[in-house]
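Commentary on secondary and tertiary structure
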Amino acid sequence: AGAAAAAAAAAAAAAAGGEAAILQDSLSVSSMDCGDCAAGLGIEPSSSGRVGCPVFVMLPLDTVWVVEREGRKVAILKRERALEIALHTLRKAGVEGVMVDVWWGICERAGPRVYDFSAYRRLFHKCAAAGLKVQAVMSYHAAGGNVGDTCKISLPKWVLDIGERNPDIFYTDKQMHRNKECLSLGCDEVPLFWGRTPVDMYRDFVDAFANQFDYLFGAVITEITVGLGPAGELRYPSYPEGDGRWRFPGVGEYQCCDRYMLADLRAAARAVGHPEWGHGGPHDAGHYNSRSWETGFFVSQGGNWQSEYGHF
C-alpha cells in the first residue's frame, strides 16, 4: 500500500507538471507485503483485502493563494486543473486524504472578523468529489521563514499594522529583533486587536470555519489541527534559520524580551521571592550560534541550568 501510494504521488506530481509538493516520508508506509506481515501478527485483512494505516498527503503550502483581479484581491486555487487530476490520482492509489493549511493571513486578510473561505470551499468539494478526506490545519503563523517553505504568506496585514505601532506583540530576543512569524504568547490575554485578545481571534476564526463547513464535518473534514507558534509548532522561535541568524547546532536564544513576556517573567520572579530573576534571560546563555559547552548556562557539567535559578 505504501509503495502504491508513493507511486501515485509521483504520478500526481507528474500530472500536475511536477508541482505537487508531496511528503514522501508520509507515503513510505512499508515496502514489504502487507498481507504476509499481517498474517504473521494474526491481523485479519479488511473486506477489500488490504491492511495498513490511512495515508494522508500534505498539499502545497500555496494551494490557496491571493491574486489581484479587477482591482480586488481574491483567493483562488493555484493550478486548479492540475490539482484536480492529482487528487483523483491519489485516491485511485488508495490514499485516504489530504492535509492542507488554512491560513489566517489569507482567510481574514480583509479586516477583523471578515472571513473568506471561498477557495477552501472549492478545494474541499473537489476532495469530496475525488473521494478523499481532509485534515484541516488552522495556521496562525506566517510562511516563508522555515525549512521547506516554498512561498511567503504573512499574518493578516491589519495585525501587522498593529505590530508597527506596538512591536511588543511579537517575540523579541535580547538584541530587540522582532519575529513577525507569529504573535507572542505574552499578549495572549491582552485585548490589543480591535478589542480582541489573540485567543479571542483564534477562537473566532475556528468558529467561523466551523460555521462555514459544519456540513462537511465527519464525512469529508475528519480532523482539525490548531497550529500555534512558528511553523505551526507550539514553541518559541529560538532558532530562526530563515534570516540567517541561527545555524545548527547553535543553542539559540531566549525570546522573552517583549514587554508582555517580561511582565510575566517579573511577576513569576516576585512570586518565588527572587525579583532579580525577572529582568530577562540568563546572562551566560551565549548567542544563537554558541555551542552548549561554550556557555556558562548550558554546559552539561556544572552549568547554571542545574541551579535553582536554572530550574526557575
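Residues numbered from 1 in each chain as written. Predicted model: local features only at pLDDT ≥ 70, side-chain atom pairs only at ≥ 80, totals over all residues. Heavy atoms only, no water.

**Some thoughts on the overall build of the protein**
Our working rule: A run of H or I in DSSP counts as a helix once it spans at least four residues, and a run of E counts as a strand once it spans at least two, with each numbered from the N terminus. The buried label goes to any residue with under 20% of its type's maximum accessible area, the exposed label to any with over 50%, and the partly exposed label to all in between, with areas taken from a 1.4 Å probe on protein chains only. Any two residues whose heavy atoms approach within 4.5 Å at even a single point are treated as in contact. Where accessible areas are quoted, they stem from the Shrake-Rupley method and a 1.4 Å probe; at the residue level, only the protein chains shown are allowed to cover.
Helix and strand content of the protein: 10 helices and 8 strands. Across the 312 residues of the protein, 42% fall into the buried class. A separation threshold of at least 6 residues defines the contact pool for the protein, and within that pool the share at least 24 residues apart is 67%. Accessible area for the protein stands at about 16000 Å²; split by element, carbon and sulfur atoms hold 55% of it.

**Description of the pattern of salt bridges**
Selection criterion: The salt bridge criterion pairs a side-chain nitrogen of Lys or Arg with a carboxyl oxygen of Asp or Glu, the two atoms within 4 Å.
Across all of its chains, the model carries 19 salt bridges by this definition. Arg81 is the salt-bridge partner of Glu84, the closest N and O atoms lying 3.9 Å from each other. With Glu84 and Arg81 both in helix α4 (residues 80–92), this residue pair falls 3 residues apart, about one helical turn. Its salt-bridge partner being Arg113, residue Asp204 comes within 3.6 Å of it at the nearest N-O pair. Residue Asp204 is found in helix α8 (residues 198–213), and its partner Arg113 is found in the loop between α5 (104–107) and α6 (118–130); the two are separated by 91 residues along the sequence. Put simply, Glu80, Arg81, Glu84, Arg122 and Lys126 are held in one network by salt bridges that share partners.

**A few points about the sheet that holds strand β8 (residues 221–227)**
This is how the line gets drawn: Note on pairing: DSSP must find at least two bridges between two strands before they are called paired. Whenever a helix is involved, its axis is fitted only over the stretch in contact; in every case the axis is a line through C-alpha atoms, and angles between N-to-C directions fall within 0 to 180 degrees.
Spatial strand order, β1-β4-β5-β8: 4 strands in an open sheet with parallel pairing. Of all the strands in the sheet, just β1 (56–58) and β8 have a single pairing partner and so form its edges. Within this sheet the neighbouring strands show an average axis-to-axis angle of 25 degrees, counted without direction. Pairing geometry for strand β4 (residues 97–103) and strand β5 (residues 133–139), over 7 bridges, is parallel. Paired with Trp103 across the strands is Ser139, a residue of β5. Packed onto the sheet, α8 meets β4, β5 and β8 and runs at close to 155 degrees relative to β5.

**What to know about the packing of α6 against α8**
Stated precisely, the cut-off is as follows: Orientation is classified from the angle alone, with under 35 degrees giving roughly parallel, over 145 giving roughly antiparallel, 65 to 115 giving roughly perpendicular, and any other angle giving oblique. Whether a crossing is left-handed or right-handed is set by the direction in which the near helix is turned from the far one by less than a right angle, anticlockwise for left-handed and clockwise for right-handed. Just so you know the grouping, Ala, Val, Leu, Ile, Met, Phe, Trp, Tyr, Cys and Pro go in nonpolar, Asp, Glu, Lys and Arg go in charged, and all remaining residues, Gly too, go in polar.
Contact geometry for α6 and α8: axes closest at 11 Å, N-to-C directions at 50 degrees. Taken together, the axes of α6 and α8 are oblique relative to one another. At the point where α6 passes α8, the crossing takes the right-handed sense. In contact with Tyr120, Arg121 and Phe124 of α6, α8 contributes Phe209, Gln212 and Phe213. Grouping the amino acids of the contact of α6 with α8 by side-chain chemistry returns 4 nonpolar, 1 polar and 1 charged.

**Thoughts on the packing of α4 against α6**
Where α4 contacts α6, the two axes come as close as 9 Å, and the packing angle between them is 35 degrees. In the packing of α4 onto α6, the handedness of the crossing is right-handed. Across the interface between the two elements, Glu80, Leu83, Glu84, Leu87, His88 and Arg91 from α4 touch Arg122, Leu123, Lys126, Cys127, Ala129 and Ala130 from α6. Here the residues of the contact of α4 with α6 are counted per class, giving 6 nonpolar, 1 polar and 5 charged.

**Focus on the nonpolar core**
For clarity, the cut-off: The set of buried Ala, Val, Leu, Ile, Met, Phe, Trp, Tyr and Cys residues whose side-chain atoms join them within 4.5 Å is what this entry labels a nonpolar core.
With 51 residues, the main nonpolar core has Val102, Trp104, Tyr120, Leu123, Phe124, Leu183 and Phe209 as its most contacted residues. With residues near it in sequence (within four places) discarded, Phe124 still touches Val100, Val134, Phe209, Phe213, Leu216, Val220 and Ile221.

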